[in-house]
Amino acid sequence: NALVIAAREIEEKRFVAYAAAAFAILPFLLGVIPMTNGRSPRDMIALVSLILAAGFTGGLAVITGASFVGRDLSDGRMSFYFSRPVASTSIWFGKLTAGILMVVGCFGVIILPAWMASGKAWTSFWGITLRDASAAVLMISLALFLLAHVIGTFARSRSPLIVADFAAAVVCGVAVYFLIL
């Protein structure tokens, strides 16, 4: 059931993949413009692709995280899922899987062509490997995704218990801080 819901969510938001493909082509178009500081087009492709991939992935993570359950909750469409013989965990995990796959997949769509085209220029330009840069961007994006999900669900639930939830989150944050110390 979770995979069916994930497939439906991905199909519903397929335009995001088209936007990622457009962002994957953009560094190559900018690489054609002559550089004034003597850098090669490969350097331009590597720089622009990572900036676009990080920005697009971060923005997509926040937007998707805030709306993957919260939008259905505020629009009153969650009852559609619960009217079917589907467990609530399947609904949540299906939507979560689709959101994470979209974030990771779009990052890959944007960064992979540029990495293949820039080759060794990638490491010499950035000083870090693609694996390390990708891991950092994806970890930050996934953290933003989950944080936006929590905040979006709180805000769109229209529950007066949001004050208690916020207070509990602050207490939890302070407790974690003291545990780390």
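Just above, that's the structure.
Since the model is a prediction, treat every value here as computed from it, not as a measurement.

A.B. asks: How should the overall build of the protein be read in this particular structure?
C.D. replies: Along its length, the protein carries 9 helices and 0 strands. When the helices and strands of the protein are placed in sequence order, the string is α-α-α-α-α-α-α-α-α. The buried share of the protein, reckoned over its 181 residues, is 33%. By sequence separation, contacts in the protein at least 24 residues apart represent 81% of the contacts at least 6 residues apart. Just so you have it, the protein exposes about 10700 Å², and 74% of that area is on carbon and sulfur atoms.

A.B. asks: Please clarify how a nonpolar patch on the surface should be interpreted in this entry.
C.D. replies: Together, Phe 166, Val 170, Val 174, Tyr 177, Phe 178 and Leu 181 give the surface a local cluster of nonpolar side chains, amounting to about 680 Å² of exposed area. With respect to the element layout, Tyr 177 can be found in helix 9 (residues 162-180). Classification of Tyr 177 as partly exposed rests on a relative accessible area of 49%.

A.B. asks: Got a minute to help me understand the packing of helix 6 (residues 88-118) against helix 8 (residues 130-157) in this structure?
C.D. replies: Geometrically, a packed helix pair is captured by the angle between its two axes and the distance between the axes. Running from amino to carboxyl end, helix 6 crosses helix 8 at an angle of 150 degrees, the nearest separation of the two axes being 11 Å. Overall, the two elements helix 6 and helix 8 adopt an arrangement that is roughly antiparallel. Considering only the axes of helix 6 and helix 8, their crossing is right-handed. On helix 8, the residues that touch Trp 92, Leu 96, Gly 99, Ile 100, Val 103, Val 104, Phe 107, Ile 111 and Trp 115 of helix 6 are Leu 130, Ser 134, Val 137, Leu 138, Ser 141, Leu 142, Phe 145, Leu 146 and His 149. Its residues assigned to classes, the contact of helix 6 with helix 8 comprises 14 nonpolar, 4 polar and no charged.

A.B. asks: It is not clear to me how the packing of aromatic side chains should be interpreted in this structure. Could you clarify?
C.D. replies: The description of an aromatic ring pair rests on the distance of the ring centres and on the angle between the ring planes. This structure, assessed with the given rule, holds 2 aromatic pairs. Here the aromatic rings of Phe 23 and Phe 56 are separated by 5.1 Å at their centres, their planes lie at 50 degrees, and the arrangement is tilted. One end of the pair, Phe 23, is in helix 2 (residues 15-31); the other, Phe 56, is in helix 3 (residues 41-67), with 33 residues separating them in the sequence. On the basis of relative accessibility, which here comes to 17%, the residue Phe 56 falls in the buried class. Relative to Phe 178, the ring of Tyr 177 has its centre 5.5 Å away and its plane inclined at 65 degrees; by these criteria the two rings are edge-to-face.

A.B. asks: Mind showing me how you'd approach the nonpolar core here?
C.D. replies: Generally speaking, soluble globular proteins have nonpolar side chains that are buried together. The biggest cluster of nonpolar side chains holds 20 residues, and the ones touching the most others in it are Phe 56, Leu 60, Cys 106, Phe 107, Ile 111 and Phe 145. Of all elements in the fold, only helix 2, helix 3, helix 6 and helix 8 reach the threshold of two or more residues within this core. The element contributing the most residues to this core is helix 6, with 6 residues. Excluding anything up to four places from it in sequence, Leu 60 contacts Val 16, Gly 65, Met 102, Val 103 and Cys 106.

Definitions and cut-offs
- Residues numbered from 1 in each chain as written.
- Predicted model: local features only at pLDDT ≥ 70, side-chain atom pairs only at ≥ 80, totals over all residues.
- Heavy atoms only, no water.
- Helix = DSSP H or I, 4+ residues; strand = E, 2+ residues; numbered from the N terminus.
- Buried < 20%, exposed > 50% of the residue type's maximum accessible area, 1.4 Å probe, protein only.
- Contact = heavy atoms within 4.5 Å.
- Areas by Shrake-Rupley, 256 points an atom, 1.4 Å probe, with all protein chains shown as cover.
- Patch = residues over 30% accessible without salt bridge, like charges linked within 9 Å, V, L, I, M, F, W, Y side chains within 5 Å.
- Salt bridge = Lys/Arg side-chain N within 4 Å of Asp/Glu carboxyl O.
- Axes fitted to C-alpha atoms, helices over the stretch in contact; angles between N-to-C directions.
- Parallel < 35°, antiparallel > 145°, perpendicular 65-115°, else oblique.
- Left-handed = near helix turned anticlockwise from the far one by under 90°.
- Nonpolar A, V, L, I, M, F, W, Y, C, P; charged D, E, K, R; others polar.
- Phe/Tyr/Trp six-rings, centres within 6.5 Å; stacked < 30°, edge-to-face > 60°.
- Core = buried A, V, L, I, M, F, W, Y, C linked by side-chain atoms within 4.5 Å.

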